[in-house]
Every structure is written in C-alpha cells, then in structure tokens.
Amino acid sequence: MSSQNLSNFNKSDIGDCSHLKIGIVYSSWNSDITDNLYDGAFTTLIELGINKENITSFKVPGSFELVYGANKMSNKNVDAIICLGCVIRGETSHFDYICNSVSNGIMNLNIELDIPVIFGVLTDNTKQQSLDRSGGKLGNKGIEAAVTAVQMALLK
Ligand code: DLZ
C-alpha cells in the first residue's frame, strides 16, 4: 500500500467543522521538531475554520507522557484530541519501549473514551527523517494529524 500524504489537503473535501473543539497534546522532547508539528496542526485547524478559542493545548515532557496528557484533555469537552511527539532511535532499546507504550496507550484511549485520539507521533531512525516529516520535503505530520482529527470528530 502506498503511503498517504494528507499535508496537501483539499478544504472543500472536509466539510463544515467550525463548531468543533479540538485538544492538542504535544511533547517537549525534540521540541525543534514537535513545535513544527504543533504549528502545522494549529494552523490547519484555523484554516479549516475552527475558532482559536476552541483549541486547547497542553505541553508534556516526553512522548511517554502523551497518554496521560490526552486522558486529562478528555475532560476538557473536546471533540477530538491530537497527540504530537517525536521519538528518535538511539543506541539503546529505550526507543522501542517509548514507541510501544505511546502507541498502545493511545490505542487504549480510543477504545475507552468516546473521543477520537489521533496518533501524530514521529518514530524515526534519524533526526533527518523527523525534519523531513515536520515541515520538510515529506510534508508535516502535524497537518495530517489535524485533518484526521477533524474527519474523525465529524464522523462522531
Ligand atoms: C527518555 C527519552 C528518550 C531517550 N528519548 C525520547 C525521544 O526520542 N522522544 C521523546 O518524546 N521522549 C524521549 N524520552 C523521554 C520519555 O518520553 C519520557 O519523558 C521519560 O522517559 C520520562 O517518563
């Protein structure tokens, strides 16, 4: 299956989402990357017509903390939650523990909560791969996460 790049989305395909309330939880680790993911997500929600007062943001220390942050965000009367992080492979198996924990944690939130929780976490082997996906040559996964959040909130 080829990968889908939603960074170039068509606004007219998405429908009216101006009434939606969206939460964004993003992590400080690799903040040069995650701040770009956040900017991509936030700007996209505004472009889609969502009022900035209806976007609530939490910053958490690392990707591991995204699950707790998203669970707290679910009490803020939001229609969808976007989780943004960046895990870059190091010399130890820490990468695998964090990636497994955050992906399983977000999956569990999707089962337990009646709110879609979007997985916008880069899990890359190199910093260059993360740069390419956070406003570089392969788009910005923050934009894609925002489009996905809106689509899922409208589905609900
Ligand atoms: C400890 C750690 C490491 C080594 N690498 C990353 C990373 O690449 N990306 C990321 O978001 N967080 C990393 N962390 C921090 C963990 O996510 C977490 O904040 C700590 O283990 C404390 O729970």
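Residues numbered from 1 in each chain as written. Predicted model: local features only at pLDDT ≥ 70, side-chain atom pairs only at ≥ 80, totals over all residues. Heavy atoms only, no water.

Caption draft 1: Spotlight on helix 3 (residues 94–112). The end-to-end C-alpha distance of helix 3, which contains 19 residues, comes to 27 Å, matching closely the 27 Å that a straight helix rising 1.5 Å per residue would cover. Taken together, the buried positions of helix 3 are occupied by F95, I98, C99, V102, G105, I106 and L109. Buried positions in helix 3, seen along its axis, are confined to an arc of 140° and lie on one side of it. The exposed set on the far side of helix 3, more than 90 degrees from its buried face, consists of Y97, I111 and E112. (Helix = DSSP H or I, 4+ residues; strand = E, 2+ residues; numbered from the N terminus. Expected span 1.5 Å × (residues − 1). Buried < 20%, exposed > 50% of the residue type's maximum accessible area, 1.4 Å probe, protein only. Arc of directions from axis to C-beta.)

Caption draft 2: Region of the structure containing the site of the ligand. Residues in close proximity to the ligand include W29, N30, G62, S63, F64, E65, C86, V87, I88, H94 and I98, which together make up its full environment. At 3.4 Å, a side-chain N or O of N30 approaches an oxygen atom of the ligand. For the ligand, an oxygen atom lies 3.2 Å from a polar atom in the backbone of I88. A per-element tally of the shell around the ligand places strand 3 (residues 80–88) first, with three residues. Of the residues in the shell around the ligand, the class split is six nonpolar, four polar and one charged. (Near = heavy atom within 4 Å. Polar contact = N/O pair within 3.5 Å; in protein donor to acceptor, adjacent residues only side chain to side chain. Nonpolar A, V, L, I, M, F, W, Y, C, P; charged D, E, K, R; others polar.)

Caption draft 3: Main features of the pairing of strand 2 (residues 55–60). In this sheet, strand 2 lies alongside strand 1 (residues 22–27) in parallel orientation, the contact comprising six bridges. Bridged to V25 within strand 2 is F58. What joins strand 1 to strand 2 is helix 1 (residues 31–47), and the crossover it makes is right-handed. (Pairing = 2+ DSSP bridges. Right-handed = clockwise from strand over helix to strand, strands pointing away.)

Caption draft 4: Main features of the nonpolar core. Core analysis: the biggest nonpolar cluster contains 26 residues, and I24, L45, I50, I82, L84 and V150 have the highest contact counts within it. Listing elements by their share of this core, those giving two or more residues are strand 1, helix 1, strand 3, strand 4 (117–124) and helix 5 (141–155). The dominant element in this core, judged by the number of residues it contributes, is helix 5, at six residues. Dropping the residues within four chain positions of it, I50 is found in contact with C17, S18, L20, I22, L45, I55 and V150. Counting residues in each nonpolar core, the second largest holds 20 residues, with V67, M73, I115 and V117 among its members. (Core = buried A, V, L, I, M, F, W, Y, C linked by side-chain atoms within 4.5 Å. Contact = heavy atoms within 4.5 Å.)

Caption draft 5: Expanded view of the packing of aromatic side chains. For the coordinates displayed, the defined rule picks out two aromatic pairs. Ring geometry for Y26 and Y38: centres 4.3 Å apart, planes at 25°, overall stacked. Highlighted residues: Y26 in strand 1 and Y38 in helix 1, separated in sequence by 12 residues. Across the pair, Y38 and Y26 agree in class, each one buried. Aromatic pair Y38 and F42: ring centres 5.9 Å apart, planes at 25°, arrangement stacked. Here Y38 and its partner F42 are both found in helix 1, four residues apart, which amounts to about one turn of the helix. Residue classification places Y38 among the buried positions, given a relative accessible area of 14%. Within the aromatic cluster, the residues linked to one another by ring pairs are Y26, Y38 and F42. (Phe/Tyr/Trp six-rings, centres within 6.5 Å; stacked < 30°, edge-to-face > 60°.)

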